[in-house]
Every structure is written in structure tokens, then in C-alpha cells.
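# Fold and geometry: a report
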Amino acid sequence: MKKSIVGLVLSVALVLCLCFLIVACSNNSSTDSSSNSDISQNSNQGGGSSTDSTQGGSSTDSSGVGPGPDIPPVEENKIVHLPLDYSTMTYVGTSLKDFSAMFDEQNDLGDPKADLEVGVFPKFPSTLVTLYDADGNGDINAKDREHVYEVTIDLGTEHYVDCLYVFFESPGHEIVLQTGEPFKYNNEVKATAAAIGWAKVTMDTTTRYINVRFKNGEAVTELFAYGRRTGEYDKVNTEPHDYRDFDYFLGINGNQADKNSTIGCANYFRDYVNWLWCFDRSVYPNSPGTTFTATMSDRYDVTYMMLKQLGVDAVPCYMFRPDDFTTSTLEDYMKPETYVMYGELMYQSALRFGFNKDNTKDMIKVLGLQKRFNLDSITWIEAGNEPNGEGNDGFSPYELAAFTSTAYDGHCNTVIAPTGSGVGVINANANVKMSMAGLAGVGVRYIQAMSFWMEHNRPDGELALDAFNVHTYCKKLITYNGYQVYVGVCPEIGEITKYVKQLCDWRDKYYPDKEVWLTEFGWDTNTSYGTENACHPYADFTAREIQAMWLVRAYFMFAEAGVDRAAMYMAQDLGDEATSVGKYGTSGVIDYYGNYKDSYYYIYTLKNTMGDMHFAEVIDSGNENVWIYRFENGNGKSCYALWCPTMDDIRVNGYTLNIDGTQATMVEFANEDTDGVSTDLTVNNGTVTVNVSEKPILIFSE
């Protein structure tokens, strides 16, 4: 339904003739539908939200000044343009669709209100909101067009909103504007376009939130808000987040089939577990569904205890899909009680594998003979893997928020299991923490929408998780033999931390006690151009060497970004390295036949040499081809990581590094060596001289 700009320009005459006529009605009263382009609000006005928010909101007020308790509101009776930012001010919780086109030209279109008031024809938007395949069947049909979406605008604090100016791209389109407390809005205005063009919608209310509802394809193309700030912004945390030691930070993904010795190369192991391996839906609710039978319990009981003895923190990741749950309507996916079965499994797992001296045997409600609890083999559980999917077949933010709330504590103990089991991780064991499901992609806005739902729907208004969790990969599109194909690129060119830094910054401000995990990243060593994420050999580097050095560089970059835990994907290849074409099939640190790759030894070297160290600072090298990160421990020892952030065989020989100690040792990563190759360096006046390449080196000083 997207229209061309030419088509819009040709519509100017029609728009001018109709004078931006639109028809408006409210939920309980009608308004004048004369030629006046002003849409008045219904007489049943509501006040603004009475709740305080601890996240989201504008980064600027109407005068362009950042938020803060000492900034006075805009003077009374002054109406100004309130700048809207899609990435920080809006929540789309009912779909996975990107509605950024509604807010992306705030600085390009001038001032529609001022233009119309002086008789100047305002500019037309150039980016339009398109239809969405809501049911995911590959075809835009009548059912798709009936789907209703919501975008909630968070102004950051109370504002008097005088009016909105909206641009309709087609006659007959309708939007509903709601204000008040989120999910309990008490004021509503409907606006229907009589023509293509700008229309004024009078609001005349005080609110923090403006909720915009519309059918698929009927979203306005651009929305301007006018008013003034009347409240104070929430204070945000300004204390820096503590960086994690590598003993906690360094992780890999895998499953029970992986060798325990392979798992030992990192400090934490993310274990993929299909939740239906451990839960029998066929007997539910007549009998507990959790099935820790002898086979399953030994598989996890023994392995998790063995990992703990190796110094590896096991984190079971209980994977699920939306169609694992029976629902009558789409709205059921946003109801916490829909996920009672999963919540019961999480309760029983935390009871079994965690430790809490107050737990008792009568809390166990499982099938099978293995009635165990307090095994003390885990401290974390992850509630899912990529439930948002890669298209529109996954959970929306509000749906995953409802799911996560149940998995965490039974939605504040309001979801009751009919089997007599408790529901939720922390209800079984407050000593076991829960990470949200790892998202496909770094979904900063997705996570913000989840927190928004929890704040306004959970009885306690709290965030029901202990760690945010995202995934990212690095690739680029190139032309090969006349075809467009993807290839892997190094983490610096791929800007692997670009969006996770945004997530860490948001976490630091609003949820400083929560962790950020990056639980999937990596590269394949199959070099076919049919493998999207492949490490293609160059210079003297093999694909395995490239994978190894890119992984190490990515770990350093995630540590600098403020990530608490990073796990590469994954422990073992899924097929033969030479013939397994396709993404992620050969991204392991061990090949299909059990042979260790270079990456296994490189990661092990990080574990053995930097285990007690955390990120300290980025050092300006004075050379754009040399990156330097300094790490430190609590005993006065530093580690300088140096590398060239390129993939062109760049080398900087004879580089002089300033260090903070009198003794220095260089560690070089090497295949078949879990500690690296060490060389003592000569310190001259607080400097050492080293050769830097795309394979990182470590300089330890004290």
C-alpha cells in the first residue's frame, strides 16, 4: 500500500481542495465533523498517569535540554513542538513490526502546525508505514488488514498535550489516540481521514503517555506532538556499572552431547534444553508434567555437578516456541496464566538444581522416581532461546513479558498450578537467578517494551528477570560470481557492540542491578559462499585461525561494552567442516569428529591467563591500526590486549607501548596450547616494543 512520493505530490491539489477534512469521534461522544481540520477531544477528559516510570522516556525536553530534576518545565501557556524519538520514546508490544516511519522525519518536515497557521503548505513525509504480514502466511490478505497494532509514546514525564498533527496517506484511514495510565487509558479520541494530508487533532489533556491504535496499513505516516512539559523527569543512575572478571564473563554454548573437556575451556556453559524433554503435557493438569525420570535426571544431575567441579557454571536454557502453548485467541498469549506449565517446570528445576536451606522434599511435584532437590549445581536458569524468531512468527514484546513474568515468580504468585506445584524460579529458590530468553538480535526496543509491560501489569510493578539477554552476528553482503551473498566480517567492521552498548547504557541508567548477557555470536569455518557467516581465508590465515582471533577480539569488545557474560556459538560443529554448508553449522570450537580447533585453545588461553581480570580502560594508541584495551585485577597486575582491528593482514611492527609496571611478559595465542606462548619483554623507561597484527597479543605487567 506504499505510495510513491510522486503520487503524493500529485495529490496536493486534492488535499488543498478538501482542506484536510477528517471525521472524528470519541468512545462515548460525537464531535463536529464540519470543514474545520481540528479534531476536538471528547468531554470526558482524564488526567495524566498517576504512576511513576523507571525507564523509557525522552532524552530531551521541548527546548532541547536533557532531563533532570533542576530543569524547569516550559513556561505556562507556551506551546512548543515536543520532539519524538522512536528508538527511546515508543513501545510496540503487540507485534514485531517496525513503525519507525511514524516518527523518523521530525527534523525534516519543519513545523506543520506553524506552517498551517500562517497559510504555508507543510511538507509531505517521504517515508511511509507499510502493510505487515500479520499472520505470517506470506500473503497480505483481509485478515492481515484487520489486525490492530498499538504504539505507545512515552514523553518521559507529565506534559500538557495541546494537539497532534498527523499525516494520513489515504482517505478513510482511522487511528485511535488514548491517554492516561498505560493499559488502563481513560481518555480516547478517534480520527478518520477524509483526504490525504495533514490534520490537526486537539488533545487538551495532561499525560505522560499517548497510545496510538490502528488497523494494519492505517497507521499515520508521521505524527507531531505539541504542548509543554509540566512534570519532572525521573532521576537516573549515574554510577558506573562494575565490569566482570573473565572467570564470570567467559562462556560458550552447547548441549549435553558435547565433551566435558570441551566445555571446560570457558567459565560458564549455556546448555540448550528443549523444555518438552522435561515436561509431559499429555498428563497435565491431572498430574505434574515435570518428568525428571532416571534417564533425564542423570543426564543433568551428573553433568551439572561435573561442570561445577571443573569450575564451570552451567546455565540450563529451557527452549520453547509459541505453539507449545494452547490458546483460544491471540490475546491469550499476553496472559501470564497461559504459561503455567512452563512456570511449573522452572519452579521444579530451581528446586532441584539450586540450593536453599529452607526447601523441603514435599515441594517436589515431578513424575518419575527421582525425588531430588538442593543439588547445588546451578545458580542461573535461562527462560528460553530466541522466542522472538527471525520474522513475525515469534513472541511480541508484551507476550514475552507475560511469559517471563510467570517463569520468574508466577506473575507475583497470581498464577496457580493446578498440580499443587509452585510456579516460577525464585518461588522455589531465591538464590537461583533467571535470565530472560536470549533474543534473536540485539532487541533494545523490544526489551524496553517488555519492561514497560511489566511495570504497568505486574502487581508489584517490578522487572521480573535478573539479566537481559541478546544475540548478534557479523556479516556483510557482497557480489560473488554475479550473485549477492553474505560473508562473515571481523567484529570491528561488523560493529558487533554498536547496539549492545545502547542496551548496556539503558541498563546502567534504569536497571543498574541487572546484568546484560550476549549469549550467541560467532563465525563458521566452512568457507563455502553458501555459508553466510563464513571466515574466508586471506593472507596466511586459515579459516580456523580467523575464527579464533575474531572470537578473542569480540570477547574483548563485549567486555569493554559492559556486557556481564558473553557466550560464543557453539561448542561443537553440527557436521563435517568441509561439506556442512549453511550458517552456524561449523561455528564450534571443536569439529564434528571431536578434534579441537584453534579457537578452543585461544579461548582456553583467555581463561587461564585472564581469569581474575576485568576491563579497565581503552588506551589511545596514536595509530588507527592499533587498538589497546587494558584489563586489571585486584592485585595491581595489568594486561594490555593489542591488535589491528582489520581483516586485511595489517601489521604494525616495532610498536612502543607504555606500561604501568617494571616487568612485562607477552603471551601469544597458539594452536594446541591452552596457556599461550609466553615471552619475557625488556622494559625501557616504562615502555616495551612489540609487533602488532590482527591476531591479538597480551602484555602482562606488574
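Here goes a summary of the coordinates provided. On a predicted model such as this, the values are computed, not experimentally measured, just so you know.

Parameters at a glance
Residues numbered from 1 in each chain as written. Predicted model: local features only at pLDDT ≥ 70, side-chain atom pairs only at ≥ 80, totals over all residues. Heavy atoms only, no water. Axes fitted to C-alpha atoms, helices over the stretch in contact; angles between N-to-C directions. Helix = DSSP H or I, 4+ residues; strand = E, 2+ residues; numbered from the N terminus. Left-handed = near helix turned anticlockwise from the far one by under 90°. Contact = heavy atoms within 4.5 Å. Expected span 1.5 Å × (residues − 1). Salt bridge = Lys/Arg side-chain N within 4 Å of Asp/Glu carboxyl O. Buried < 20%, exposed > 50% of the residue type's maximum accessible area, 1.4 Å probe, protein only.

## Remarks on the packing of helix H14 (residues 543-561) against helix H15 (residues 598-610)
Where H14 contacts H15, the two axes come as close as 7 Å, and the packing angle between them is 30°. Viewed along their axes, H14 and H15 form a crossing whose handedness is right-handed. On the side of H14, the interface is formed by Arg544, Glu545, Gln547, Ala548, Met549, Leu551, Val552, Tyr555 and Phe556, while H15 contributes Asp598, Ser599, Tyr602, Ile603, Leu606 and Met610.

## Looking at helix H8 (residues 294-309)
The terminal C-alpha atoms of H8 lie 22 Å apart, and with 16 residues this matches the ideal 22 Å at 1.5 Å per residue to within 8%. Following H8 by one or two positions, Gly311 has its phi on the positive side, about 80°.

## Observations regarding the environment of Val485
Mapped onto the fold, Val485 is located in strand E17 (residues 483-488). Expressed as a C-alpha distance, the spacing of Val485 and Gly530, which sit 45 residues apart in the sequence, is 7.5 Å. Setting aside residues up to four positions removed in sequence, Val485 forms contacts with Lys476, Leu477, Ile478, Tyr480 and Tyr529.

## Structural notes on the pattern of salt bridges
According to the stated counting rule, one finds 34 salt bridges in the structure shown. A salt bridge links Asp301 to Arg372, with the nearest nitrogen and oxygen atoms 2.4 Å apart. Residue Asp301 is located in helix H8, and its partner Arg372 is located in the loop between helix H9 (340-353) and strand E13 (380-385); the two are separated by 71 residues in the primary sequence. Given the relative accessible area of 8%, Asp301 is considered buried. Since its relative accessible area comes to 30%, Arg372 is described here as partly exposed.

## Observations concerning unusual backbone geometry
With an omega of 10°, the peptide bond running from Tyr284 to Pro285 counts as cis. With an omega of -10°, the peptide bond running from Tyr569 to Met570 counts as cis. Within the element layout of this structure, Met570 appears in the loop between strand E19 (565-568) and H15. Even without being glycine, Asp649 reaches a positive phi, approximately 60°. As for its placement among the helices and strands, Asp649 is situated in the loop between strand E22 (638-643) and strand E23 (652-658). Look at Asp649 and you get partly exposed, because its relative accessible area is 27%. The backbone of Asn685 shows a phi angle near 50°, a positive value even though the residue is not glycine.

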